[in-house]
Amino acid sequence: MAEQVKKTIFLAGLGGGYDIFGCLPYYFKLKSSGIADVTLLNYSFTKYTVLSKHSVQLTPVLFRVGPQKKKADWLTDDVYFPEQLLANELNTIIYVILCDASKTRIDLITEAYRYLIKRYTTIDELVLIDGGSDVLLTGTEHALGTPLEDMTHARAVDFLTENEVKSKYIVVIGVNLEVGHGVLKSDIDARLTALSSDAIFTWLWQYEKDVDVRHYVEIFQRCRPHRSIVHSLISAALQGHRGYYLPEHLRSRITKSVIDLSEQTCLSIAYHFDDVVRHCVYFKRLLPQMYLNQAHNVIYTSISRNRASSEPQSQKVETVKSQDKELPFFAQSISFSEDTKILNE
C-alpha cells in the first residue's frame, strides 16, 4: 500500500505578541497524529534589532528562529522574544513575520508567505489563530480593540491564491477577552451570534481532560507569562478560575481586571476565512503597498465615516452563501466530546 501523503498545514499567530501560543493545542494534536507537515508562524512584536541579530532573515520581514540548545546569555528577562522561548521549548523552528509600523507593508507579509509556500508549491491549510476576537469585529461596533495587526495580517493572506493555499481558516480563543481593550461584551456576543451559522466547530479546551491543553498551559507558563495578558487569563480560566480573577504575575501590569473569566474564555471557534472578513467595512480598503501606520489611518478613518453615516451598516453587507463546513484537516485529530459542539452537524 502506498504511503499516505501528508497534508501541509501552516498554523499562524494572527495578531502579534503571544498569539502563536493559541496554536499549540492544535499543533500538539497534529504532531502526535503524524499525519501532517506542520509549520508554525507568528506575526511578531519582537524588535527588528533582536530578530536581525539572533535569527536568520529570509525576506525583508520574514525570519527563521531556531531552537538554541544551550542557554542563551543574551535572552534576559528584559528581552522580548516569545518566539525564541517557544522554539527552545518545542525544539523546533518558528517563522516570524515582523510587525513594525515603519518597516512592514501588507505586500511584504504576502511575500513572506510565498517564500515559505514555494517549497511546497501549494499548501493544504493556512490557519490564522487570534487570542481574543479582534479579527471577528466588523468596524461597526461601539469600540474596537486592537484591530491593526490582525487585519493587516489577514489582508495579506487574502492576496494568496487558491493555487498557493487550498483552504484558509480563522480560529479564535478567549473571545471575551477583548473587553479588556474596551470592546463591549454586548458587541462581542452580537458578532458571535451573527457568525453562528458560519462557524465550522467550537472546541471547549479542558485542562483536566486534555493532555494537549495542559501541555499548552505548562509551556506558556515557562515562557515569561507576565508578557501576555491574554494567555495568562486563558490559562487561569482553564485551571478553573472564574469571575474577575487576576493572576499574581499580572498585578504589576493591571490593578483590577475587567474581564469576567468564564467557559467562554476557554472556547475556540473556527471559521472559513472569507466568512469572517467579508463583513469588515474597511478590509478591502487595506491595499498591498500600505505600511502599517498607513493602514491604521485607513481603518480608523473608515470607522469614523461609517459611524457618521445614517445608513445602518447591516444593509451594506453583501449576503454570500456560506461554504460547506466540512471539518478541516487541522481539527480532525481533536477528540470531540459532548462538551464540544461540531456546528455543521
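Located above this text is the structure these notes cover.
As the structure is a prediction and not an experimental result, all values here were calculated from the model.

### Overview of the overall build of the chain
1) Next: When helices and strands are tallied, the chain shows 10 helices and 9 strands.
2) Next: Relative to the compact-globule value of 20 Å for 345 residues, the chain shows a C-alpha radius of gyration of 19 Å, a close match.
3) Next: Principal-axis analysis of the C-alpha atoms gives the chain an extent of 60 × 50 × 45 Å.
4) Next: Counting contacts in the chain only where the partners sit at least 6 residues apart, residues at least 24 apart contribute 78% of the total.
5) Next: Counting every atom, the chain has about 15,500 Å² of accessible surface; 48% of that belongs to carbon and sulfur.

### Regarding the sheet that holds strand 8 (residues 199-204)
1) Next: Across the sheet, which stays open at both edges, the 9 strands sit in the order 3-4-5-2-1-6-7-9-8 with mixed pairing between neighbours. For this open sheet the edge positions go to strand 3 (56-57) and strand 8, each flanked by a neighbour on one side alone.
2) Next: The pairing of strand 6 (residues 123-131) with strand 7 (residues 165-173) spans 8 bridges and is classified as parallel. Each residue of the ladder has a partner; that of leucine 128, found in strand 7, is isoleucine 170.
3) Next: Lying over the sheet, helix 3 (residues 82-90) contacts strand 2 (36-44), strand 4 (62-65) and strand 5 (94-98), oriented at roughly 170° with respect to strand 5.

### Here we look at the pairing of strand 7
1) Next: Within strand 7, 7 of the 9 residues are buried, leaving the element largely enclosed by the surrounding structure.
2) Next: The handedness of the strand 6 to strand 7 crossover, carried by helix 5 (residues 147-158), is right-handed.
3) Next: Here strand 7 runs beside strand 9 (residues 267-272); their pairing, made up of 5 bridges, is antiparallel. Directly across from isoleucine 173, in strand 9, lies its bridge partner serine 268.

### Things to note about the layout of surface pockets
1) Next: In this model, the largest pocket occupies a volume close to 550 Å³.
2) Next: Lining the largest pocket are 29 residues, with Gly131, Thr146, His181, Ile229 and Val230 sitting closest to its centre.
3) Next: Element by element, the count of residues in the lining of the largest pocket is highest for helix 8 (residues 229-238), at 4 residues.
4) Next: Considered as a void within the structure, the second largest pocket measures approximately 250 Å³ in volume.
5) Next: Lining of the second largest pocket is provided by 12 residues; of these, Glu162, Lys166, Ser167, Lys168 and Asp274 occupy positions nearest its centre.
6) Next: Elements with a contribution of two residues or more to the lining of the second largest pocket: strand 7 and helix 9 (273-277).
7) Next: Sorting elements by how many residues they give to the lining of the second largest pocket places strand 7 first, with 4 residues.

Conventions and cut-offs
- Residues numbered from 1 in each chain as written.
- Predicted model: local features only at pLDDT ≥ 70, side-chain atom pairs only at ≥ 80, totals over all residues.
- Heavy atoms only, no water.
- Helix = DSSP H or I, 4+ residues; strand = E, 2+ residues; numbered from the N terminus.
- Rg over C-alpha atoms; globule rule 2.2 N^0.38 Å.
- Contact = heavy atoms within 4.5 Å.
- Areas by Shrake-Rupley, 256 points an atom, 1.4 Å probe, with all protein chains shown as cover.
- Pairing = 2+ DSSP bridges.
- Axes fitted to C-alpha atoms, helices over the stretch in contact; angles between N-to-C directions.
- Buried < 20%, exposed > 50% of the residue type's maximum accessible area, 1.4 Å probe, protein only.
- Right-handed = clockwise from strand over helix to strand, strands pointing away.
- 1 Å grid on protein atoms, 1.4 Å probe; cavity = no way out; pocket = protein on both sides within 12 Å on 5 of 7 lines; lining within 4 Å.
- Points joined across faces, edges and corners; volume = space filled by probe spheres on them.

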